[in-house]
Amino acid sequence: MREITYLEAVREAMTQEMERDSRVFLIGEDIGVYGGAFQVSYGMLEKFGHERILDTPITELGLTGAAVGAALIGMRPIAEIMFMDFTTLASEQLVNQAAKLRFMFGGQSSVPMVLRTPAGSGTGAAEHHSQSFENWFVHVPGLKVVMPTTPYDVKGLLISSIRDNNPVVFIEHKLLYKTKGEVPEEMYEIPLGKADIKREGKDLTIIATGIMVQKSLAAAEKLIKEGIDIEVLDPRTLRPLDTESIVKSVKKTGKVLIVHEAVKTGGFGGELAGVIAESEAFGYLDAPILRLAGREVPIPYNRDLEKAAVPQVEDIVQKARELANLKV
Amino acid sequence: MAIEMIMPKVDMDQETGTVVEWLKTNGQQVTEGETILVMETDKIAIDVEAPGTGILNGISANQGDVLPIGTVIAYILEEGEELPAAAAAPPAPEPTTAPEPIAADEEVSATPVAKKMAKTLGVDLSRVTPTGKGGKVTKNDVQSSLAPAALSGEVVATPAARRTARLKGVDLSRVRGSGPKGRIQASDVENFQPGAGMVAASHIQSGGTIPLIGMRRTIAERLTASYQSIPHIQFTARVDMKNFINARNDYNELAIERGDEKVSVTAMLVKLVSMVIADHPMINSSLVENSIILHEDINIGVAVAIEKGLIVPVVKNANQKGISKIAVETNDLVKRAREETLVGPDVRGGTFTITNLGPFGVEQFNAIINPPEAGILAIGATTNEVVALEDGAIAVRPIMRFTLSADHRIVDGAVAARFIADLKTTFENPILMNY
Amino acid sequence: MKLSKENAEHYMLQMYQVRAFEEQAEKSYMAGKIHGTMHLSIGQEASAIGSISTLEPTDFIIGHHRGHGLCIAKGADLNLMMAEFYGKENGYCRGRGGSMHIADVAGGNLGANGVVGGGIPMAVGIGIGLKMKAENQVLLAFFGDGAASTGAFHESMILAVLFQVPVVFICENNQYAMSFSANDWTTSKKIAAHGEIYGMAGSCSTDGNDLLEVKNAVKKAVDLARSGGGPSLIVNDTYRWRGHSKSDRNRYRTAEEIEEWKKKDPILKFRAYCNKEKLLTEKEADQIKEQGYADIEAARVFAEASPDPKVETLEEGVYAP
């Protein structure tokens, strides 16, 4: 099978779906002739024209609201907010409107839109261009939150998200754009709300999101040499969460380490820990539930500080080793 | 000059030793050659002597620790000498013996009954949770404190460990934890072997030493207390067991018909004795301080021999239960006694004990009372004997001798004799149980 | 251009229905039968009915929190509307929305909104969608002077013009954003001027209490939008008789001011017009008034007899299947 990058997979998903369904269109900043801040929509203006590739001036709130309105009237817009940091500007339309219209109106309407946004640190872009807020949106009933980590996953999940009749916040880690993987040429769906075991293991479960999946897999490769066999579980969709798969894995290993890039306090790890502690898996825990996550700090500019602010492979190795050896 | 005490090698292929019990602790004076530590290898428990005279200090190995031979585990110091820098921060040895008797009565608020009971049973009142008025420790509180630590929630174990313990019927308070701060992990429970640290009777080799710890020690102490403080009087009677045996057979036919559990001799004994005791309340009592407490419930303890000693599970309110029910209960209690999975409530609250050495062929014996009870009935073997009947004829009958040991402070000769007579009559006419 | 008698009757009835509805809602609220709060539009009837009278049944509106009049003007079923206000299961929104979040999607009313300016960016998107559908539909997007100061409004103006959406933006300037006097920073003319600056040529302001003036201005803009001429901004200069919400103590305006504006009552103005043009006699107008109040009374009875939602159904309807 051919290999393409995560970025190309996103573009392919959007392109194929737009060819299939005339209701789908893109709206965002610099997505037209510029091809998108990360070049995700490169070539799409030529293919679909101005009628379906809607370039806007700097109007996060306006463009997001426009996506909500278009969805309300039966279109299937894909809005892009260039950096997750700027979803703060769009959140009125996302949280107060998109998430609530269906419920508020007693089921009379729906908002089938996707809001795509690149997130995460590691590019030296510092405080205002490096954040991860997935947890804020997980917190809102009415939204769905998806965080794909591989080219294969991102294509299938984006197609499913576009076809979903609810507002989906679709989070792409910037550092994943250039990663390569096998991706089928035809269209396929990966259901929302289903986790994926990226690596099977028996000694310990790592639940990771975003780029931490890749880092956890690298850590697992190191630790297997010490005889520690790690299972890496990628939830893929954060809301709704695949609790069943998580419980199954934790019951199997009895030890769980949660790894995410976003800040630890109030981060998604807390939610996962709560879910595990309240579940059947609790009786199978042989050690406390551990979380390894971003430090309590905005993302700094200096490269070493930037690295130190979020978990790295070595951090995961150390923590997993401690847990496996029941030193915690 | 500090003298190192090491984990010694005593066997050819020995690589590690396990600390069983320190007989002296940090700061105490020891003499060269004095046994100050009991240690265990695969096969046997070993006395370890102090390598010098001085003050024991810097103990770095505690009960259950498994260490390679040659590891320094303590130092003998001269007066005023400091521990060598190399000594790791010594953890204080945890108490390895049965709870010490109360240090200061006056400090703990307890009822007089409770205080006396605690003294007799060797319970530290300050460690008992009081439930009486004004926060006093009551008699029941003292009895409750004899429950395993697991029931009072002092055990730190992971959920997986607790689950495994539940599934395997393991008493968590007996498991040693290998996790951080002694936390019990699932693997600790999985690898737990009951009796570890104790020497099983069947493994005793001649020429070794068995340390008086755990159950062995408790039994020793209680029997000593009973023997020394209770004036025992013993009464033996001889009974014709023909009707008893027939009655048991009848019950068993019924049980088989109904698909119920078979009625053991033990069950019959429990029921019979409890029914007779109902007419003799003095036998079902306890002497505490200056009062004789007549118990309302008749709870019959059944002595069960197990590998490491003796345990007495209790059938509560035996006089109020049918024989079939008692059979089910006694079967279960005896089974669990042998599997060592009895819990506190199983062994508490007894008011009278039956001990049966009949199956071992013992003709007759005098048992020691189980405090705070007033009596114990020792059942001997049933064997065919030649007897002279009323009319002078000779017959062969199944004869059993039982002996009642009673607390003479409570039970006078006549009271005991009347009880014995009643017992004999009932053994020989079991339908009298329900008359 | 003159109205037909039929239309005159229709608009008169609607105006009275709005007036009666607001008065009843207020009564029910004060009697403790409606909870939360409400934002009454008494005095703004002409702006609502005048604007919406220009639409085809297949056109759309989107509104704001003071939108009871907009709902009625768009042809809402009064019973279902009142039931929603009472929080009942058979209300338009199954009791989930209430006064501030009421919608009648099948009837082309895409909803009220609890966030000032919340509907304006959505209006742009609805316009984009309508344009893509190419079925000649238009949208009237209502908001107040309060929203005219928000970022949402200004971003939306830019995007609306950029995408030439078939939307008529209607600002109902009732002189106050809660307690903040619009006249401290703007006027209806100035707001309308924003429209022009952003590139909406047909933007203008009207006497919002004159039903016909409103109707004419909006009609022009609707025709422009429908023919592909893009968005307009119409500002209806009007006044609300009651406070912002039920907890308003009217500290920011004088009783005299309120009385002055009451003299410009849009209903009386319209009656006068109908009388003058011999469309409706005073008697006929009174009959229509009675009808309007009777319709609302029937709605009240309906609502009070309607069932409450079951608590077991709490989590229904959050997600679309």
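These notes cover the structure that comes with them. This one's a predicted model, so the numbers in the text were calculated from it and none came from an experiment.

Attention shifts here to the overall build of chain A. The helix and strand inventory of chain A stands at 12 helices and 14 strands. Looking at chain A as a whole, 64% of its 328 residues qualify as buried. Within chain A, contacts between residues separated by at least 24 positions form 83% of all contacts whose residues are at least 6 apart in sequence.

This part covers the interface of chain A and chain B. Between chain A and chain B, the residue contacts involve 10 residues of the former and 10 residues of the latter. Between chain A and chain B, a total of about 710 Å² is buried, with carbon and sulfur atoms accounting for 51% of that surface. Sorting the residues of chain A by area buried against chain B places Tyr284(A), Asp286(A) and Leu326(A) first, and these three jointly supply 56% of that buried surface. The interface formed by chain A and chain B holds 0 salt bridges in total. Our count for the contact surface shared by chain A and chain B stands at 7 residue pairs in polar contact (both at pLDDT 80 or more).

With that settled, consider the interface of chain C and chain A. Accessible area lost when the parts come together is the quantity often used to give the size of an interface. With 41 residues of chain C at the interface, the matching set in chain A holds 41 residues. Buried area between chain C and chain A, summed over both chains or domains, comes out near 3,100 Å², and the portion from carbon and sulfur atoms is 69%. Among the residues chain C hides against chain A, the three largest losses belong to Met122(C), Met132(C) and Tyr319(C). Together they make up 20% of the total. The tally of links from chain C across to chain A stands at 17 residue pairs in polar contact (both at pLDDT 80 or more). Among the elements of the structure, helix 5 (119–133) and helix 6 (151–162) of chain C are those that each provide at least two residues to the side of chain C that touches chain A. Top element by residues in the side of chain C that touches chain A is helix 5 of chain C. It accounts for 10 residues.

Core analysis: the biggest nonpolar cluster contains 146 residues, and Ile27(A), Leu140(C) and Phe169(C) have the highest contact counts within it. Per-element accounting of this core gives the leading share, 9 residues, to helix 1 (residues 5–30) of chain C. Taken domain by domain, this core gets at least three of its residues from each of domain 1 (3–182) and domain 2 (196–325) of chain A. Apart from the residues lying within four places of it in its own chain, the contact partners of Phe169(C) are Ile120(C), Ala123(C), Val124(C), Ala141(C), Phe143(C), Met157(C), Ala160(C), Met200(C), Pro231(C), Ser232(C), Leu233(C) and Ile234(C). Of all hydrophobic cores here, the second largest spans 58 residues; its members include Ile159(A), Phe170(A), Tyr188(A) and Leu223(A).

All names here are of chain C. Where burial is concerned, most of helix 4 (residues 78–85) is hidden: 6 out of the 8 residues are buried. Buried within helix 4 are the following residues: Leu 78, Met 81, Met 82, Ala 83, Glu 84 and Phe 85. Looking at the buried positions of helix 4, the neighbouring elements they touch are helix 1, helix 3 (68–73) and helix 11 (282–305). If you check the start of helix 4, you find a side-chain oxygen 2.8 Å away from the backbone N of Asn 79, and it comes from Asp 77.

What counts, and where the lines are drawn
Residues numbered from 1 in each chain as written. Chains lettered and ligands numbered in written order. Predicted model: local features only at pLDDT ≥ 70, side-chain atom pairs only at ≥ 80, totals over all residues. Heavy atoms only, no water. Helix = DSSP H or I, 4+ residues; strand = E, 2+ residues; numbered from the N terminus. Buried < 20%, exposed > 50% of the residue type's maximum accessible area, 1.4 Å probe, protein only. Contact = heavy atoms within 4.5 Å. Buried area = accessible area lost by both parts, 1.4 Å probe. Salt bridge = Lys/Arg side-chain N within 4 Å of Asp/Glu carboxyl O. Polar contact = N/O pair within 3.5 Å; in protein donor to acceptor, adjacent residues only side chain to side chain. Core = buried A, V, L, I, M, F, W, Y, C linked by side-chain atoms within 4.5 Å. Domains from an automatic or database assignment.

Worth remembering: the numbers are spatial, not functional.
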